[in-house]
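Listed below, chain by chain, are the residues.
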Amino acid sequence: MSVNVSDAARDDAASRVVLTGFGVFSSIGVGADEFAEGLRAGRSGAKPITLFDTEGFAHANGCEITGAEPERWIRNLPVEALGRATQFSVAAARMAVEAAGADLEVLRAQRGMISIGTTDGESYDLDHLVGTEVASGPAAMDPTVARRVSPNRLSIAAAQELGLSNVEAVTIATACSAGNYAIGQGFDAIRSGEVDYALCGGADAMCRKTFTGFYRLGTIAPDVCRPFDVDRKGILTGEGAGVLMLESLASARARGARVYAEVLGYGMNCDAYHQVAPNQDSVARCMEIALENAGVKAEEVDLISAHGTGTKANDVTESRAIHDVFGDAPPRTVSLKSMLGHTMGAASALAAIACALSIHHGFIPPTINHRETDPECEIDCVPNQSVEADLRVVQNNGLAFGGNNAIVVLGKYLDGAR
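Quick caveat, the model's predicted, so the values are computed rather than measured.

Undergrad: Could you clarify how one ought to interpret the environment of T66 in this entry?
TA: Position of T66 among the secondary structure elements: in the loop between strand 4 (61–62) and helix 3 (84–100). The spacing of T66 and I49 is 17 residues in sequence and 10 Å in space, taken between C-alpha atoms.

Undergrad: Is there a simple way to explain the UniProt feature "domain: Ketosynthase family 3 (KS3)" (unreviewed entry) in the chain in this structure?
TA: Mapped onto the present numbering, the UniProt feature "domain: Ketosynthase family 3 (KS3)" (unreviewed entry) falls on residues 14–412. Span residues 14–412 is 35% helix and 20% strand, its end C-alpha atoms 18 Å apart.

Undergrad: Honestly, the pattern of salt bridges in this entry has me stumped. Any pointers?
TA: Note that side chains of opposite charge can pair when their charged atoms are close. Using the criterion set out here, one finds 21 salt bridges in the structure. The salt bridge partner of R111 is D196, with a shortest N-O separation of 3.7 Å. Residue R111 is located in the loop between helix 4 (104–108) and strand 5 (112–117), and its partner D196 is located in the loop between helix 8 (178–191) and strand 7 (197–204); the two are separated by 85 residues in the primary sequence. A relative accessible area of 27% places D196 in the partly exposed class. Of the charged contacts, one joins D374 and R232 as a salt bridge, the two residues approaching to 2.8 Å between their closest N and O atoms. Taken together, the residues span a long stretch of sequence, with D374 in the loop between strand 12 (363–364) and strand 13 (387–388) and R232 in the loop between helix 9 (208–216) and strand 8 (240–248) at a distance of 142 residues.

Undergrad: Whenever I open this one, the packing of aromatic side chains confuses me. Can you help?
TA: Any two aromatic rings considered together are summarised by their centre-to-centre distance and by the angle between their planes. Taken as a whole and assessed by the stated rule, the structure comprises nine aromatic pairs. Taking 5.9 Å as the distance between ring centres and 40° as the angle between the ring planes, the aromatic pair formed by F211 and Y215 counts as tilted. Here F211 and its partner Y215 are both found in helix 9, four residues apart, which amounts to about one turn of the helix. Overall, F211 belongs to the buried group, its relative accessible area being 0%. Accessibility expressed as a relative area gives 24% for Y215, which makes it partly exposed. For the pair F214 and F401, a centre-to-centre distance of 6.0 Å together with 40° between the ring planes defines the contact as tilted. Of the two residues, F214 sits in helix 9 while F401 sits in the loop between strand 14 (393–400) and strand 15 (404–411), which places them 187 residues apart along the sequence. Classification of F214 by relative accessible area gives buried; the value is 11%. Within the aromatic cluster, the residues linked to one another by ring pairs are F52, F57, F211 and Y215.

What counts, and where the lines are drawn
Residues numbered from 1 in each chain as written. Predicted model: local features only at pLDDT ≥ 70, side-chain atom pairs only at ≥ 80, totals over all residues. Heavy atoms only, no water. Helix = DSSP H or I, 4+ residues; strand = E, 2+ residues; numbered from the N terminus. UniProt positions renumbered as here; feature names shortened; annotations may be inferred. Salt bridge = Lys/Arg side-chain N within 4 Å of Asp/Glu carboxyl O. Buried < 20%, exposed > 50% of the residue type's maximum accessible area, 1.4 Å probe, protein only. Phe/Tyr/Trp six-rings, centres within 6.5 Å; stacked < 30°, edge-to-face > 60°.

And the structure:
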């Protein structure tokens, strides 16, 4: 679940955890500034998939990243030795450090953590290896590609690229909530004094395996993703990476860093209710755990970034769970997957960055592609147009296969105790 810290410790600058830099690769923008612009504008990343052969599928839109050039941020490792998801992860980690204004030489002398969540690891490469094996036999498989497929590379390669040897580098494979799991892990490690900083997030690349799996489940939308809409028809698969620089408030103050938001707390649970269907009671309980850990009352939450996949089951279940916790007048609840698609292990990490940017810049991103709210989803999903807002507390939901739920609560940074 989460580590409880006393109120006295929470007010201690050494134990308060803040976000000071972001690395972003998404279908609506690369880097925090471009990403924030895309969110505010309600930009859509949906387009026909080109990364793999989609012949035979009746529809094949996705939120693919084009023209991102992660190699611009990869300076010490041979790019060809990294799979597509690892390229996103490594480049986003460097981007986060640089955006935070952190000195790598200082970080190398400190204790750190790199925690990256994922759903598919390097399944994009596995798709190609399997295709080669089927067509020409295992001897024809490219050894360079074969060496890239370990999911541990998502975190280890980031440490190697940045020259960070005094770190715990872990990859968390809890699928769609993995980014929030990683943030929670870094949050606890900093608050306990185990590490001085943490680079946390998630990364995934689009692959034929995952697209096909969701397609066979009947959950791939034919055109765009319409979360909470009465006519929603499912997800669009997406890709990308989001990496957040976490450090103590004392550290950020000491080096004069810009603070985007404060991590107030998080909650986790696993109900093991069903392989793919969410459980309403468990989702509600995870929200309660997160609010309790953050020391936040339900009425203090200004915005919820929902998991909001655009499937029939998720949106109704999540909306009802929100009502269970927040009552008949819940905060505005948006789905970024309407813009980004479902970026799998990167989803809750990119959403956490979006929440922090929304707090920092004072706006609520919209749920795009919206026409009519499903009566069973009784929420204000901020349809189609962003709105200006002074956000003080934002909740970021991450729900995953097998009931692996992780929810992070962020707050506006206030100079002094929250």
